[in-house]
Amino acid sequence: MKSEGPKKIDTLVDAWYVVTMNETRDIIHRGSLAIDGDKIIDVGKTADLECRYDPKRRIGGDRFVATPGLINTHIHITGEPITRGYVPDDTPFVENVFVWLCTLYSVQRPEEEIVSAKLAAVEMLRSGTTCFLEAGTILHLDDVFDELSQVGIRGRVGKWIWDLPPEPSVYRQSTDTAIGNLQRQLEKYNDKKALLSAWSIVVGHTTCSDPLWKAAKTFSDEYNVGMSFHMSPAEMDPEGFAAEFGQRPIVHLADIGVLDSKCALTHCVRLNDEEIDILAETGSSVAHCPTTALKVSYGITQVGKFPEMVQKGVNVSLGTDGNNASNYSDLMRAAYLVAGLFKDARQDPQMFPAEKAFEMATIDGSRTMLMEDQIGTLEPGKKADIVLHDTDRPEWRPLLNVMNQLVWSADGRGVHSVMVDGKLVVENGICTTVDEGKLWADAQQMGEAITARSGLPDKAKYPTI
């Protein structure tokens, strides 16, 4: 019988090391990944795969480390990327959010939010993030969605939904309007096979009435999507819920039937043991944003109980939040922080080892996104979301322990190539789907226009001559 010969495929990705993040956490030395269409069809030794497959193209090589695409489970893609760094870094939480951020968000135009979202997407892709969960700060969702779809990043998005605070007036929504907005976006953008689709996202904190909370949960079930919201970064939320309901936030949300395995709560710094137990029992996930916590002084190392969450079985993933809170969207830097903060805070070097920090940025993120069967690992049948890290850089040599190097030494600037859904969207450090030069210029011009239009003062402490 005549041999059929090597199987024709689209791409063979070669690497010095392939970090699979599979169940046994295999790292393959001199490994390759066979890609056909949008899927990984085989992973193994390069010597074996190059005999089995005939690729249309071959990328990577023996200087690269291949990892799954990183998963950012909380980021504001509009509002803040386009005003990055304008908010002073010495403002307390309430002033930061309600004086500065809400004002800057409120004056943005559709074309500015489009550029903001593209800027966030390009920064994420170029630093190795292939999937994100939007924080719900989009005012002009339709305009942003259409343009962002062309960039090639995977994500779950949603409009800014709340119904309680009366200001700023541009955000004002009655409960019926808020529920209607939520349902409309879920009906319009509910294609889970597409790179971008909608989730049931509300602002959270103390901004939602019980009818809105319940409606968001109902929609999460009805459309079979996740539900996401902010909660308890500071004492404002526990105090607000206690005053209104006589209960802490997580207790109240559990009592009204909101929490389950489709819920992703962001921050969760000010939680007590009872609330952590509830999160574990309900299977809810937590998006931990260590970069924001440091800059806005939440006190995570003093009062945060993230080690206890993990020990009790709560799925904790990573987010970078907004560009006036952490100021960057490089999830590798967030992994570095989570690996170090609690080692020092608890004086225990076994807290969040490098391997766990990288799990939080990959497989734990896939669980938060309800996409564990699609992304987060490099295995046959998974989506071809792949990052190639260039080791011909000083922070990568000598390469003696891959996981230590990824978390403690490297950052997103060493990312060379990125594939999403089998398509190469970053090559040699440049995003292939966007005119980057135009994006930089547009972001500068629009950022200056927004800050001027906001009426907020320039609080830079050093004079510009």
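Refer to the preceding data block for the structure.
About the thresholds
- Residues numbered from 1 in each chain as written.
- Predicted model: local features only at pLDDT ≥ 70, side-chain atom pairs only at ≥ 80, totals over all residues.
- Heavy atoms only, no water.
- Helix = DSSP H or I, 4+ residues; strand = E, 2+ residues; numbered from the N terminus.
- Rg over C-alpha atoms; globule rule 2.2 N^0.38 Å.
- Buried < 20%, exposed > 50% of the residue type's maximum accessible area, 1.4 Å probe, protein only.
- Contact = heavy atoms within 4.5 Å.
- Areas by Shrake-Rupley, 256 points an atom, 1.4 Å probe, with all protein chains shown as cover.
- Expected span 1.5 Å × (residues − 1).
- Polar contact = N/O pair within 3.5 Å; in protein donor to acceptor, adjacent residues only side chain to side chain.

Draft legend 1. Representation of the overall build of the protein in the model. Scanning the protein from N- to C-terminus turns up 17 helices and 17 strands. On C-alpha atoms alone, the protein measures out to a radius of gyration of 22 Å, which is about the 23 Å that the 2.2 N^0.38 rule sets for 465 residues. Based on the C-alpha atoms only, the size of the protein along its principal axes is roughly 75 × 50 × 45 Å. For the protein, the proportion of its 465 residues judged to be buried stands at 60%. Here the contacts in the protein between residues at least 6 apart in sequence split such that 73% fall between residues at least 24 apart. Of the roughly 18,200 Å² of accessible surface on the protein, a fraction of 49% belongs to carbon and sulfur atoms.

Draft legend 2. Expanded view of helix 13 (residues 331-345). Across its 15 residues, helix 13 extends 21 Å between first and last C-alpha, which sits within 8% of the 21 Å expected from 1.5 Å per residue. Among the residues of helix 13, Leu331, Met332, Ala334, Ala335, Leu337, Val338, Ala339, Leu341, Phe342 and Lys343 are the ones counted as buried. You can read the cap of helix 13 off the contacts: a side-chain oxygen lies 2.9 Å from the backbone nitrogen of methionine 332, and it is on aspartate 330. Looking one or two residues beyond helix 13, the residue adopting positive phi is glutamine 347, at roughly 50°.

Draft legend 3. Local environment of the environment of leucine 141. Topologically, leucine 141 is positioned in helix 4 (residues 141-148). When the C-alpha positions of leucine 141 and threonine 432 are compared, they lie 24 Å apart, and in sequence the two are 291 residues distant. Apart from the residues lying within four places of it in its own chain, the contact partners of leucine 141 are Val157, Gly158, Lys159, Gln185 and Tyr189.

Draft legend 4. Looking closely at the side chain of serine 197. Here serine 197 lies in strand 8 (residues 196-198). Relative accessible area serves as the criterion here: at 1%, serine 197 is assigned to the buried category. In this structure serine 197 touches Phe145, Gly155, Arg156, Val157, Tyr189, Asp191 and Lys192, once residues within four positions along its chain are discounted.

Draft legend 5. Molecular detail of helix 16 (residues 402-409). Those residues of helix 16 not exposed but buried are Val402, Met403, Gln405, Leu406 and Val407. Those residues of helix 16 hidden inside the fold are in contact with strand 1 (7-19), strand 2 (27-36), strand 4 (53-68), helix 13, helix 14 (354-361) and strand 14 (386-390). At the N-terminal end of helix 16, a side-chain oxygen is found 3.2 Å from the backbone nitrogen of methionine 403, two or three residues along, and the residue is asparagine 401.

By themselves these figures say nothing about function.
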